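# A closer look at the structure
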Amino acid sequence: MSETTYTKIHGAPKADLHVHLEGTISPELMYGLAQRNHVDIPFDSPQAIASAYEFRDLNAFLQVYYAGLRVLENQQDFYDITMDYLKRAHAENTHYIEFYTSPQSHIERGVPLAQVLDGIFAGCDDAYSKWGIKANVIFGLQRHRTEASALAAIAQAEPHSSRIIALGLGGPERDNPPSRFVRAFERARELGWRTTAHAGEEGPADYVSQAIELLRVDRIDHGVAAQQNARLVIALAARRIPLTVCPVSNVKLKVFDKLEHHNARYLLESGCVITINTDDPSYFLANLTDNLYQTSRALDLSDDQIFQIIWNGFDGAFCDDASKRRMQQALNEYWHG
Ligand code: ADE
Ligand code: ZN
């Protein structure tokens, strides 16, 4: 059994590269915003919201996630959800976050994109001044929509382009292959954005290959299905393409039946750049420390392997190199000091 304690992982400087802002909404905040904005939700208390969190698979979860995000209506709401999460992340010593957001879900409800982004950016700025935690924003396309919708959303984001760190792709994976979004990812590169895509979460290894070869992504979100193709695992390792793995999410959404059967250790020992992340922490009831600790116990990871995974979180980040090195130095001093 791994000897590394919860307290040691909790105190370590960490990065979360795969967290959906709309998946951080606590039952309390969801309930409060529903009341503030007069949005109908089928729950009469925060406890009732929390007790509804049981999911059959990714699609069943996304129904709940897309319903929950309807309580977010204006700039203040986006500011509040950002600050609320960054405060909690800072409390577990997360130093760096890349927030996925789902702008098409807000645009389609008539929420101006500027309100969404300005609220999030203001939250990121204030959290940085108050607590020193740095957060960047990934513009997350939804793969069940058309590429025309993706390109229109990107066009709307252009005035804010310099503050967006990357383009991402999420949503229901089955039958929505990466190959449908080639032009959107080309546009992102023209805008100077980095790129990442969910692939191989519920979908096949071939979607991981498509994301790499056709979308030319810098990073893969999840990617656990890569194990189905040994040559792909070798390529991921050789090209050092980071995988933002979310083990607790994978169990909650039935990608693996239990954490003991997760393949994070296999991928790590195959030479892949594995990071561990939260995905939708309020829905899956696990913060970053929980994800790291539970995974290390279930897979019997060594102290060095846990260190490597946390280190990889900074390596795989889209921020500047000097910031990465500074955060890695802090991690090294904490872990080995
Ligand atoms: N959006 C929010 N969480 C997601 C997940 N786990 N997979 C795909 N899209 C998502
Ligand atoms: Zn995700």
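Residues numbered from 1 in each chain as written. Chains lettered and ligands numbered in written order. Predicted model: local features only at pLDDT ≥ 70, side-chain atom pairs only at ≥ 80, totals over all residues. Heavy atoms only, no water.

By the naming in an unreviewed UniProt entry, the protein goes by Adenine deaminase and is assigned to Paraburkholderia phymatum. In its Sequence similarities (unreviewed entry) section, UniProt records this for the protein: "Belongs to the metallo-dependent hydrolases superfamily. Adenosine and AMP deaminases family. Adenine deaminase type 2 subfamily." Turning to the protein, the UniProt annotation filed under Function (unreviewed entry) states: "Catalyzes the hydrolytic deamination of adenine to hypoxanthine. Plays an important role in the purine salvage pathway and in nitrogen catabolism." (UniProt positions renumbered as here; feature names shortened; annotations may be inferred.)

The subject of this paragraph is the packing of aromatic side chains. The tally for this structure, following the rule as stated, stands at 15 aromatic pairs. Plain terms: the ring middles of Phe-307 and Trp-335 are 6.1 Å apart, the flat faces sit at 45 degrees to each other, and that makes the pair tilted. One end of the pair, Phe-307, is in helix α16 (residues 303-315); the other, Trp-335, is in helix α17 (residues 321-336), with 28 residues separating them in the sequence. For the pair Phe-307 and Trp-335, a shared accessibility class is recorded, and that class is buried. Taken together, the ring pairs connect Tyr-53, Phe-55, Phe-61, Tyr-65, Tyr-66, Tyr-283 and Phe-284 into an aromatic cluster. Positioned over the ring face of Tyr-128 is Lys-134, at 5.7 Å from the centre of the ring. Above the ring of Phe-318, the side-chain terminus of Arg-219 is found at 3.9 Å from the ring centroid. (Phe/Tyr/Trp six-rings, centres within 6.5 Å; stacked < 30°, edge-to-face > 60°. Helix = DSSP H or I, 4+ residues; strand = E, 2+ residues; numbered from the N terminus. Buried < 20%, exposed > 50% of the residue type's maximum accessible area, 1.4 Å probe, protein only. Lys NZ or Arg CZ within 6 Å of the ring centre and 35° of its normal.)

Relative to the elements of secondary structure, Lys-254 occurs in the loop between α12 (247-252) and α13 (264-269). The spacing of Lys-254 and Arg-56 is 198 residues in sequence and 6.9 Å in space, taken between C-alpha atoms. Every residue in contact with Lys-254, bar those within four places of it in the chain, is listed here: Glu-54, Phe-55 and Arg-56. For Lys-254, the side chain forms a polar contact with the main-chain oxygen of Phe-55, separated by 2.9 Å. (Contact = heavy atoms within 4.5 Å. Polar contact = N/O pair within 3.5 Å; in protein donor to acceptor, adjacent residues only side chain to side chain.)

Turning to the side chain of Gln-104, a few remarks are in order. Along the chain, Gln-104 falls in helix α6 (residues 103-107). Among the residues examined, Gln-104 registers a relative accessible area of 4% and is labelled buried. Apart from residues no more than four positions distant in its own chain, Gln-104 is found in contact with Gly-140, Leu-141, Gln-142, Arg-145, Ser-149, Ala-150 and Ala-153.

Counted under the stated rule, the structure contains 0 disulfides. Free of any disulfide, Cys-246 has its nearest cysteine sulfur in Cys-272, 15 Å distant. Given the relative accessible area of 0%, Cys-246 is considered buried. Left unpaired, Cys-319 is separated from the closest cysteine sulfur, that of Cys-124, by 13 Å. (Disulfide = S-S within 2.5 Å.)

In this structure, Phe-139 and Phe-185 are the most contacted members of the largest nonpolar core, which totals 103 residues. Within the second largest apolar cluster, 5 residues are counted, among which are Tyr-100, Ile-138, Ile-165 and Phe-318. (Core = buried A, V, L, I, M, F, W, Y, C linked by side-chain atoms within 4.5 Å.)

With that settled, consider the coordination of the zinc ion (ligand 2). The protein atoms that coordinate the zinc ion (ligand 2) are His-18 (NE2), His-20 (NE2), His-198 (NE2) and Asp-279 (OD), at distances spanning 2.0 to 2.2 Å. Around the zinc ion (ligand 2), the 4 donor atoms are arranged such that angles at the metal cover 82 to 169 degrees; this shape is classified as irregular. All donors to the zinc ion (ligand 2) come from one chain, and their sequence spacing reads H-x1-H-x177-H-x80-D. Residue His-18 is found in strand β1 (residues 14-20), and its partner His-198 is found in strand β5 (residues 194-199); the two are separated by 180 residues along the sequence. Judged by relative accessible area, His-18 falls into the buried class, the value being 0%. With a relative accessible area of 5%, His-198 lands in the buried category. (Donors = N, O, S within 2.8 Å, 3.2 Å for Na, K, Ca; no water. Tetrahedral: all angles 85-135°; square planar, octahedral: opposite > 155°, others 65-115°.)

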